[in-house]
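Take a look at the letters that make up each chain.
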Amino acid sequence: MADVLEAVLENGLTVLIRESRGAPVASCWAGYRVGGRNERPGITGISHWVEHMTFKGSAQLAKGDIFRLTARHGGTNNGFTTDDFTIYYETVPAAQLDVPLLIESQRMGAALFDAAETESERTVIIAEREGNENNPHFLLYERLAATVFQEHPYRWPVIGTREDLDRITRDELLAHYRDFYAPNNAVLAIAGDVDAAATLERVRHYFEAIPAAKTPNQRPSGEPAQAGERRTEVRHPGANAFMQVAYRTPEVGHPDNYPLVMLDAILSGGKPVTWGGGGYMGRTARIYRAVVEERLAASAGSSYRFSVDPHTFSASLTMREGVVPEQAENALLNVIEGMAAEPPTEAELARTLRQTEAQISYGQEAVTSQAFALVYFQLLGHWSDVERHIQRLHEVTAADVARVAATYLHPANRTVGWFIPS
Amino acid sequence: MSRLKPQREVLDNGVVLLWNQRDDTSSVAVRGMFSAGAAREAPAQAGLAGLTARLLRRGTEQRSAQELSAAVEDLGASFAVSGSTEEAGFSAKCLGRDLGAVLQVLGEVLQYPSFEEREIEKTREEVFTQLREQDDSTRAQADLKTHELLYPAGHPYARAVTGTRDTIAALGREDLRSFHGAYYRAADLRISVAGSLNPEIVRREVGAWFQDMSPAPPLPALEVEPSGKAQRTQVPMPHKSQVDLVIAAPGINRLHPDFYALTMVNLILGSLGLMGRLGERVREQQGMAYYVYSQVAARTWAGEWMTHAGVAPKNVEVAIAAIVDEVTRIRAEQVTEAEFADACDYLIGSMPLRLETNDGISGYLLNCEYYNLGLDYIDRYPGYIRKETRETLLEAAQKYLDPSRFTVVTAGPVSPS
């Protein structure tokens, strides 16, 4: 990803602009370092709720204007909250870039938090949570996270507990917003059919006057060491039994990050690095061959993503009829934990590199995914890490993969969760 | 307005090839379809088209499933084949330099599947798992029941592509072989390739597919009028937290002259911005749903208009009343000038976004071919939108969005009476 204009405004806002002339389109992303990790019992779900409130009116934009203005120009927009970050975007015809700049500057400095709107959004979010509860995978993951993490806020669901959604107040939402929605806690990234220097001037026009704030230097409590396997299960009416397993792994920036990315791809195929990419490439990878081809499960896979604080490498499977759950579980755990004794072959390493290279190439097709990559990697560390992603994977050896497997993928470090239809 | 340079040609073997070459990308997307969807199967063999399509990648006369996957995944490419109601479709994505190799695998998979018993059993079990998930999904249950009520029994629009446990259990190797032999035909194949490509390589590879050029038997007449009866039913799923609500009405087919007017009035009612007027009323004012939106499904033989909402059991009746009230309002008076302008601008303005990626372009070209819209459709499209007026939108609302003809389905916890 060549030619990124990088600037830091006086108020601390990091601005990244990439000229990309493939289509007459531009995408604008704003990311904030706030998410589930900045919450505690009593206010779980507050970051996600703040995200909703930033669509409900600001000094210059009425409720609904963000969607209306974007749609009027044929654009798309959305926002989402994760354990670590809250991120928004608009993709519009390139000539209309001022629309997202106005929207994001208003969101950063001038959201209203109207009291009546806060109450009406409470029930919307409860409805969103109830929709999630209809999905058995949500039910098990909520339980699994609360078992993996005993102290760290990653144990709470990003959407919040029902109890907290019933009690969070408008003042708490506003305080959370003021704490974290500041230019010095944000990244603004633009990619598209634009002139970088001229775009930076537009960014200054909209954002320069927003004052910096002293954001809480909040470091969530560390998670005590895990001393042995943990297990949990959810018994609930449902369709198929399925299992999730999580192994605790270190935070972003740790030297083991890239060996873990490689390990995940060896187990279940090369994944997109940014927003969107190619299809599933895991049928020749170890988990699919050992578990699905061998007819022990209907589907199975693994996942590893960078996180601000230590999180997990995870895997899952969905049962097929006529198989004993223990048998499927053992097959999945054996292939994962067997990596330490059976490091990847040269052919596996080469295939994974080709797959990841191709995924990165697919992610370059759309300015939406290009701008996402800039904002996301900048929030995690530095945007240029996405450029170096492949290089870092090239540097990973089979011995590195075996070493991280031995370090993290062992019984005493794992938490196993089962959903059992009742 | 468009930077596209789409090309169309009919190859010697009868395949319709569409392509759009771009130099600013290193990847390429492929999509194609045969007239081999569930519309071809007898109701007693529901799921045959889908199972056949799934099995294509599970081994050929030359290579095992693992070898086929390796040939593609080793290149960082991917491919998929699936059955839908009207068609059997396939797609692939790869780097431009690997297009020839990926087309070779696709050609082998589409022409020479082996349908081995072991693979049939494995795939059948996967379908059973999917069927159980479908049985447990409020959304899938509400949709299935709605289509059962709207369309006559036996029509492909009335049933799920996945089939049922009984029909899937009864399908055997010969069923799959003969379905494939009858309906996977060069004369019926449309393929679209977009991105970094050499048209010579595509012509050479695809032009060599299918030596037998005889066409598939014609489809039976499937034009159908969806039910306009006022009806309501519920699918009780007491273990769920939320109700999936569907309100549906008979719509139109894709080539119907009212297509653009109905699309636009629906956009204003339940889609534009944060789910249109329905979103404003049910989500923003009432705070009763995270999602409530409406859509026009305009297909080859018929179509329907549908609203979806996820609501708490206690709010079902209020939500239905609010939706019906908004429908009544949009058929009583013209939409505002501002709403009309926003809908026009959205439909015309969003075209470049939809055509940004190779996937988007290949899908667009195939859609143009499927519905006979012409490859210059993108240039004519703004004219179709601008021809509509607030009056034509009102007429479309009055004609199609009639609460006395609504089918209402709820799936989830039973509402307290």
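Residue numbers here run from 1 along each chain, matching the order of that chain's written sequence. Going through the entries in the order they are written, you letter the chains from A and number the ligands from 1. The predicted nature of this model means local features are confined to residues of pLDDT at least 70 and side-chain atom pairs, given and counted, to a pLDDT of 80 or more, with totals for whole chains, interfaces and linings taken over all residues.

Peer 1: Outline the overall build of chain B, listing residues and values.
Peer 2: Looking only at helices and strands, one finds 16 helices and 11 strands in chain B. Along the first, second and third principal axes, the C-alpha atoms of chain B reach 60 × 50 × 40 Å. Contact between residues is assigned whenever the C-beta positions, reconstructed from backbone atoms, fall within 7 Å. The long-range share in chain B, meaning contacts at least 24 apart out of those at least 6 apart in sequence, stands at 81%. Put simply, DSSP marks the helices as runs of H or I at least four residues long and the strands as runs of E at least two long, and each gets a number from the N terminus on.

Peer 1: Summarise the environment of Arg33 of chain A; cite the residues concerned and give the values.
Peer 2: Residues and elements named next belong to chain A. Its place among the elements puts Arg33 in the loop between β3 (25-32) and α1 (46-53). Once C-beta atoms are placed from the backbone, each residue is buried if 20 or more other C-beta atoms lie within 10 Å of its own, exposed if 12 or fewer, and partly exposed for counts between those two. Taking the number of C-beta atoms within 10 Å as the measure of exposure, Arg33 has 20 and is therefore buried. Considered as a pair, Arg33 and Leu380 are 347 residues apart in the sequence and their alpha carbons are 9.1 Å apart.

Peer 1: Explain helix α13 (residues 367-380) of chain A to me, and be specific about the residues and the numbers.
Peer 2: With 14 residues, α13 of chain A extends 20 Å between its outermost C-alpha atoms, agreeing within 8% with the 20 Å of an ideal straight helix rising 1.5 Å per residue. Judged by how many residues are buried, α13 of chain A sits mostly within the fold: 14 of 14 residues are covered. What a helix should span is 1.5 Å times the count of its residues minus one.

Peer 1: Please set out the interface of chain A and chain B residue by residue, giving values where relevant.
Peer 2: Facing 55 residues of chain A, the contacting portion of chain B comprises 56 residues. Among the elements of the structure, α2 (65-72), β5 (86-93), α4 (115-133) and α12 (346-363) of chain A are those that each provide at least two residues to the side of chain A that touches chain B. The element contributing the most residues to the side of chain A that touches chain B is α4 of chain A, with nine residues.

Peer 1: Tell me about the domain arrangement of chain A, and please be specific about residues and values.
Peer 2: All names here are of chain A. Partitioning chain A into domains gives domain 1 (4-207) and domain 2 (230-421). Each domain's limits were defined by an automated method or a database of domain assignments. A C-alpha centroid distance of 27 Å is found between domain 1 and domain 2. With 34 residues of domain 1 at the contact, the number on the domain 2 side is 27 residues. If you list the elements that add at least two residues to the side of domain 1 that touches domain 2, you get β2 (14-19), β3, β5, α5 (136-148) and β6 (186-192).

Peer 1: Just give me the short version of the nonpolar core, but keep the residues and values in it.
Peer 2: Trp29, Ala189, Ala371 and Val375 of chain A together with Val265, Val311 and Ala319 of chain B are the most contacted members of the largest nonpolar core, which totals 133 residues. Counting residues per element, this core draws most heavily on α13 of chain A, which supplies 10 residues. Leave out the neighbours within four places in its chain, and Ala319 of chain B touches Leu245, Val282, Met288, Ala289, Ala309 and Val311 of chain B. Among the nonpolar cores identified, the runner-up in size contains 61 residues, and Leu55, Leu95, Leu171 and Leu176 of chain B belong to it. Nonpolar core, as used here: buried Ala, Val, Leu, Ile, Met, Phe, Trp, Tyr and Cys residues forming one set through C-beta atoms within 7 Å.

Peer 1: If you had to explain the packing of helix α12 (residues 337-349) of chain B against helix α15 (residues 377-387) of chain B to someone new, which residues and values would you point to?
Peer 2: Residue and element names in this part refer to chain B. For the pair α12 and α15, the least separation of the axes is 10 Å and the interaxial angle reads 170°. The orientation of α12 with respect to α15, classified from their angle, is roughly antiparallel. Between α12 and α15, the residues in contact are Cys344, Leu347 and Ile348 and Pro382, Ile385 and Arg386, respectively. Where helices are involved, their axes are fitted lines through C-alpha atoms of the stretch in contact, as for all axes, and angles between N-to-C directions lie from 0 to 180°. Angle categories: roughly parallel below 35 degrees, roughly antiparallel above 145, roughly perpendicular from 65 to 115, and oblique for all the rest.

Peer 1: Report on helix α10 (residues 272-285) of chain B, specifying residues and quantitative values.
Peer 2: Structural remark: α-helix, 3.6 residues per turn; residues separated by three or four positions point the same way. Residue and element names in this part refer to chain B. With 14 residues, α10 extends only 17 Å from end C-alpha to end C-alpha; this falls clearly short of the ideal 20 Å at 1.5 Å per step. Of all the bends in α10, the greatest measures close to 100° and is centred on Gly279. Among the 14 residues that make up α10, 11 are buried, leaving the element largely enclosed by the rest of the structure. When α10 is considered as a whole, its buried residues turn out to be Leu272, Gly273, Leu274, Met275, Gly276, Arg277, Leu278, Gly279, Arg281, Val282 and Arg283. Axes are fitted to the seven residues ending at a residue and to the seven starting at it; the angle between these axes is taken as the bend at that residue.

Peer 1: I'd like to hear about the packing of α10 of chain B against helix α11 (residues 316-330) of chain B, residue by residue, with values.
Peer 2: Helix-helix packing is characterised by the crossing angle of the two axes and by the distance between the axes. Residue and element names in this part refer to chain B. Running from N to C, α10 and α11 point in directions that differ by 140°, and their axes come no closer than 10 Å. Comparing the axis directions of α10 and α11 gives the class oblique. In terms of crossing hand, the pair formed by α10 and α11 is right-handed. Only Ala319, Ala322, Ile323, Glu326 and Ile330 of α11 make contact with α10, whose side of the interface consists of Arg277, Leu278, Arg281 and Val282. Considering only residue class, the contact of α10 with α11 consists of six nonpolar, no polar and three charged. Crossings are assigned a handedness: left-handed for a near helix turned anticlockwise from the far helix by less than a right angle, right-handed for a clockwise turn. Under the grouping applied here, Gly and all other residues not named as nonpolar or charged are polar, the nonpolar ones being Ala, Val, Leu, Ile, Met, Phe, Trp, Tyr, Cys and Pro and the charged ones Asp, Glu, Lys and Arg.

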